[in-house]
Amino acid sequence: MLKANQAPVAVPPLNRCEGVDVMKLGVYSIVLPDYRREEAAAKVAEIGYTGIEWTVGYEDRVFNSGEQWHVSLDHLEEDAPRAKEVAQRYGLDIPSLGTSAETGDFEKIERLMKGAVAMGAPMLRIGSARYDGTTPYDELRAMVIDNYRTIETMAARHGVKALIEIHSHTICPSASATMRVLENFDPRHVGAILDPGNMVIEGMERSEEVIAGLTGKSRASRVVSSRAVFRGQVRPAFSARFK
């Protein structure tokens, strides 16, 4: 507690403590649906984060603009340089892109990787495969591994890393399940998104040990029950993960 007439101690911005080697922190822009791109970057920088992971191709459901946020997928080639410029204006790195694609959609993945290069993002999410039991797990895993052989080659060519997000209701809900895919590839080109919030639903284990050295980034998440969302207690847009 401050004494009378005592000046408050200045607190350095997040991850900018001099002489201290700390983890870089960024924000996944999907948690900022109420902010347009410029406003989102300004807010992230104001708070003290040093990076922003742009969401690519999500529908704007707040302003009904008809646009895709926070980077257009339909017009990615034109929009990527603009997104990079906005991030640079506020001193933000773009550590990764919040993208997604079917692992066999190589044409789309090629576009996404070129977009990552244009924005200076070294990583991007591709994903794995949704698992609901209708297709045998081993069959899905074999398909994903086969597709990632092509994705790995593409990532190496573009100088980026393709990431599989550890996520519920997919074939990679845990660190060990994800390792069954990752162990087939060069970690310079294929890695994982460690999202413990997703693993609250399924896949809890000592993931930091299972995928040691292969994690491209880690996310901190806030997870709520579908019942709470249904009752209107929590706004679904903010049940997503943030970093």
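About the criteria used
- Position numbers for residues count from 1 along each chain, tracking the sequence in the order it is written.
- In view of the model being predicted, local features appear only for residues whose pLDDT reaches at least 70, and side-chain atom pairs are presented and counted only at 80 or more, with totals across whole chains, interfaces and linings using the full set of residues.
- The side-chain values count all of the structure's non-hydrogen atoms but skip hydrogen atoms and water molecules.
- The helix and strand labels rest on DSSP assignments: H or I over at least four residues marks a helix, E over at least two residues marks a strand, and numbering proceeds from the N terminus.
- For this analysis, a polar contact is any N or O atom pair within 3.5 Å, provided that within protein one partner can donate a hydrogen and the other can accept it, and provided that sequence-adjacent residues contribute only side-chain to side-chain pairs.
- Partly exposed residues are those whose accessible area sits between 20% and 50% of the maximum for their type, while under 20% is buried and over 50% is exposed, using a 1.4 Å probe and protein chains only.
- When DSSP locates at least two bridges between a pair of strands, those strands are taken to pair.
- With strands facing away from the observer, any crossover in which the path from the first strand over the helix to the second runs clockwise is taken as right-handed.
- Put simply, two rings from Phe, Tyr or Trp (the six-membered ring, in Trp's case) pair if the centres are within 6.5 Å, and we call them stacked under 30 degrees between planes, edge-to-face over 60, tilted for the rest.
- Orientation is described by lines fitted to C-alpha atoms, with helices fitted over the stretch in contact, and by angles between N-to-C directions that extend from 0 to 180 degrees.
- For classification purposes, angles smaller than 35 degrees are called roughly parallel, those larger than 145 roughly antiparallel, those between 65 and 115 roughly perpendicular, and all remaining angles oblique.
- Handedness of a crossing is defined here by the sense of rotation of the near helix relative to the far one, left-handed for an anticlockwise turn of less than a right angle and right-handed for a clockwise turn.
- Contact between two residues is taken to exist if any of their heavy atoms lie within 4.5 Å; hydrogens are not considered.
- What a helix is expected to span follows from its residue count: subtract one and scale by 1.5 Å.
- To obtain the bend at a residue, axes are fitted to the seven residues ending there and to the seven starting there, and the angle between these axes is taken.
- A pair is scored as a salt bridge if a Lys or Arg side-chain nitrogen falls within 4 Å of a carboxyl oxygen belonging to Asp or Glu.
- Residues belong to one nonpolar core when they are buried, are Ala, Val, Leu, Ile, Met, Phe, Trp, Tyr or Cys, and are joined through side-chain atoms within 4.5 Å.

(A) Molecular detail of the environment of Thr-134. With respect to the helices, strands and loops of the structure, Thr-134 is situated in the loop between strand E6 (123–125) and helix H4 (137–158). Polar contacts involving the side chain of Thr-134 include one to the side chain of Asp-132, which spans 2.6 Å.

(B) Broad picture of the pairing of strand E7 (residues 161–165). Here E7 lies mainly inside the structure; 5 of its 5 residues are buried. Alternating residues of E7 divide into Lys-161, Leu-163 and Glu-165 and Ala-162 and Ile-164, and every residue in both groups is buried. Sheet topology places E6 next to E7; 3 bridges connect them, and they run parallel. Its bridge partner lying in E7, Arg-125 is registered against Leu-163. Regarding topology, H4 serves as the crossover connection from E6 to the parallel E7, and that connection is right-handed.

(C) Geometry of the packing of aromatic side chains. Summed over all chains, the structure comprises 3 aromatic pairs. Relative to Trp-69, the ring of Phe-63 lies with its centre 5.7 Å away and its plane at 35°, an arrangement referred to as tilted. The class of Phe-63 is partly exposed, set by a relative accessible area of 35%. Between Tyr-148 and Phe-185, the aromatic rings sit 6.0 Å apart at their centres with planes inclined by 50°, giving tilted as the arrangement.

(D) Inspection of the packing of helix H1 (residues 37–47) against helix H2 (residues 76–89) at higher detail. With their axes 9 Å apart at the nearest point, H1 and H2 run at an angle of 30° to one another. The pairing of H1 with H2 is recorded here as roughly parallel in orientation. Crossing of H1 over H2 shows right-handed handedness. Counting all contacts with H1, which are made through Arg-37, Glu-38 and Ala-41, the residues of H2 involved are Asp-79, Arg-82, Ala-83, Val-86 and Arg-89.

(E) Molecular detail of the side chain of Thr-99. Here Thr-99 shows up in the loop between strand E5 (97–98) and helix H3 (106–119). Since its relative accessible area comes to 1%, Thr-99 is described here as buried. With sequence-adjacent residues up to four places away left out, Thr-99 is seen in contact with Val-56, Leu-112, Leu-124 and Arg-125.

(F) Up close: H4. With 22 residues, H4 extends 30 Å between its outermost C-alpha atoms, agreeing within 8% with the 32 Å of an ideal straight helix rising 1.5 Å per residue. Within H4, the axis deviates most sharply at Arg-149, by approximately 25°. Buried within H4 we find Tyr-137, Leu-140, Arg-141, Val-144, Ile-145, Asn-147, Tyr-148, Ile-151, Glu-152, Met-154, Ala-155 and His-158. Structurally, H4 contributes buried residues whose contacts are with H3, E7, helix H5 (175–182) and strand E8 (190–194). Immediately downstream of H4, the backbone of Gly-159 shows phi near 75°, a positive value.

(G) Here's a closer look at the pattern of salt bridges. Across all of its chains, the model carries 11 salt bridges by this definition. One salt bridge connects Asp-79 with Arg-82, and the closest N-O pair in it is separated by 3.5 Å. With Asp-79 and Arg-82 both in helix H2 and 3 residues apart, this pair spans about one turn of that helix. Of the residues examined, Arg-82 reaches a relative accessible area of 47% and is grouped as partly exposed. Measuring nitrogen to oxygen at the nearest pair gives 2.6 Å for the salt bridge that ties Arg-188 to Asp-186. Accessibility expressed as a relative area gives 61% for Arg-188, which makes it exposed.

(H) Inspection of the nonpolar core at higher detail. Within the largest apolar cluster, 54 residues are counted, with the highest numbers of intra-cluster contacts made by Trp-54, Leu-97, Met-113, Met-119, Tyr-148 and Val-181. The biggest single contributor to this core is H4, with 8 residues. Setting aside chain neighbours within four positions, we find Leu-97 in contact with Glu-53, Trp-54, Val-56, Leu-112, Gly-115, Ala-116, Met-119, Ala-121, Met-123, Leu-124 and Arg-125.

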